[in-house]
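# Structural overview
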Amino acid sequence: ENGLPLYIVPGNHERSKLPHPVLLETQEFEIFSKPDSKFFRKGNRVIQLSGFPFKRKIYDKFESVVSPFVNESVPCDARILCMHQAVEDSVVGVQNYVFRTGEDVIRKSQIPAFFDLVLCGHIHRSQVLHIHRNYRDKTKTIPIVFPGSIERISFAERNEPKGFYI
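Residues numbered from 1 in each chain as written. Predicted model: local features only at pLDDT ≥ 70, side-chain atom pairs only at ≥ 80, totals over all residues. Heavy atoms only, no water.

Let us look at the nonpolar core. Counting residues in hydrophobic clusters, the biggest one holds 25 residues, and the most contacted among them are Phe 52, Phe 62, Leu 81, Met 83, Ile 111 and Ile 144. When contributions to this core are tallied by element, the ones reaching two or more residues are α1 (62-66), β5 (78-83), β6 (86-87), β9 (105-106), β10 (117-120), β11 (127-135) and β12 (138-146). (Core = buried A, V, L, I, M, F, W, Y, C linked by side-chain atoms within 4.5 Å. Buried < 20%, exposed > 50% of the residue type's maximum accessible area, 1.4 Å probe, protein only. Helix = DSSP H or I, 4+ residues; strand = E, 2+ residues; numbered from the N terminus.)

Next up, the structure:
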């Protein structure tokens, strides 16, 4: 209603596909059905949103998926990576399991310092991780935001903080 687009990154439960009800047919609705960058312009501000649908065994493929997004030819005020994946140091469950390595886990060191923010699905616990990197001779902090799920879908989530971010 306000002319702002909505972007969706399909997750593992959607199998990278979403049904097409009437809501999805609006012009202000975009789905990352394949790796892509979209540029959102509002006034004189430009935001690059780069994303891809959930991918299994992403560890060995991640750099080849995101490297086409790293392109400074379009000047932007912010560059955001949108994905539905587990990232190293994210925490889940009552046992506070910490993702470290594995074929389905992206290491923080794999995320290019080119991005200013990473928005993630997949992990149902609301949490924010940080990457500290040198970029253009400065120390840059990149937040990795897992808004989480607002619903508890299993007993393993009974003590997890739930929430969302705006």
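Further remarks concern the pairing of β5. Burial analysis of β5 places five of its six residues in the buried class, the great majority of the element. Direction of pairing for strand β4 (residues 45-51) relative to β5: parallel, over a ladder of five bridges. Counted as the bridge partner of Gln 48 is Arg 79 from β5. Here β5 runs beside β10; their pairing, made up of four bridges, is parallel. For Ile 80, the partnering residue across the bridge sits in β10 and is Leu 117. (Pairing = 2+ DSSP bridges.)

Bringing the sheet that holds β5 into the picture now. Strand order across the open sheet formed by six strands is β3-β4-β5-β10-β12-β11, with mixed pairing between neighbours. In the strand order of this sheet, the two ends are held by β3 (36-42) and β11, each with one partner. The sheet shows a mean angle of 20 degrees between the axes of neighbouring strands, taken without regard to direction. (Axes fitted to C-alpha atoms, helices over the stretch in contact; angles between N-to-C directions.)

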